[in-house]
Amino acid sequence: IETHIAVPNHALSASTVFQLLTSDGCRGLSLFLTSSDHEETTADLVLVLSSGSQLGSPPAFRGAPGSSATVIKDLWVSATIKKDTFHHLAFVYDRGFYEKFSIYLDGKFLTSSLKQFELTQSLDLSNLNFYLGTGSSHYTSFPGCNGFFEPTKTFSGSLDEFRIWNRPLTKELI
């Protein structure tokens, strides 16, 4: 995934930048912004990929009291960006021996996240709905989400040249 993005310099509510997600919110890909105050000069972007591998129903999946069914099969990576500035962002997903997400910010490697053999077996993103600037709940183990990300507003910002590639890009291509 590759795009140029700018978020405004004001308070932000939790919002979805884009989603490719099943209607139950258990399998797919979401890029979202977490909430931030007006005084903060940065915003956090999080990319989550979920395989839909879970135990039990969605309430148990959310970690309902008394339930042992809290397994969430996902991979996520996050980046902090400066508000009120256009940034080139590239997220690279590599399905090698380890499932790996990497983030490049303005052409420079920023961070990566990986798991071994957690998503590959049940991951299929074909025929999913694609949403830009809006979205719905996405079940995730991302810290602070209590089992799911719930967007409260549509995306307030700018996107340019949004692309989804069908192969991992190398650092040289980014």
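Preceding this paragraph is the structure being described.
Numbers given for residues are sequential positions, taken from 1 along each chain in its written order. Side-chain atom pairs in this predicted model are given and counted only at pLDDT of 80 or more, local residue features only at pLDDT of at least 70, and totals for whole chains, interfaces and linings cover all residues. With hydrogens and water set aside, each side-chain value is computed from the structure's full complement of heavy atoms.

*Asks:* What should I look at first to understand the pattern of salt bridges in this one?
*Replies:* Between side chains of opposite charge, a pair can form as their charged atoms come close. We define a salt bridge as a contact between a side-chain nitrogen of Lys or Arg and a carboxyl oxygen of Asp or Glu at a distance within 4 Å. Enumeration according to the criterion identifies two salt bridges in this entry. When the shortest N-O distance is used, the salt bridge between Glu-2 and Arg-163 registers 3.3 Å. One end of the pair, Glu-2, is in strand S1 (residues 2-6); the other, Arg-163, is in strand S13 (residues 158-163), with 161 residues separating them in the sequence. Burial classes follow relative accessibility: with a 1.4 Å probe on protein chains only, a residue under 20% of its type's maximum area counts as buried, one over 50% as exposed, and anything between as partly exposed. Of the residues examined, Arg-163 reaches a relative accessible area of 35% and is grouped as partly exposed. The partner of Glu-161 in a salt bridge is Arg-163, with the nearest N and O atoms 3.3 Å apart. It is possible to trace a salt-bridge network through shared partners that takes in Glu-2, Glu-161 and Arg-163. Secondary structure elements follow DSSP: runs of H or I no shorter than four residues count as helices, runs of E no shorter than two count as strands, and numbering proceeds from the N terminus.

*Asks:* Would you mind going over the packing of aromatic side chains with me for this structure?
*Replies:* Given two aromatic rings, one states the distance between the centres and the angle between the planes to describe the pair. The rule is short: rings of Phe, Tyr and Trp, with Trp giving its six-membered ring, pair when the centres are within 6.5 Å, and they are stacked under 30 degrees, edge-to-face over 60, tilted in between. A full pass over the atoms with the stated rule returns five aromatic pairs. For the ring pair Tyr-93 and Phe-101, a centre distance of 5.4 Å and an interplane angle of 55° mean the geometry is tilted. Judged by centre distance (6.0 Å) and plane angle (50°), the rings of Phe-130 and Phe-162 are tilted. Pair noted here: Phe-130 is in strand S9 (residues 129-132) and Phe-162 is in strand S13, with a separation of 32 residues, a long-range link. Overall, Phe-130 belongs to the partly exposed group, its relative accessible area being 39%.

Structural measurements only, silent on function.
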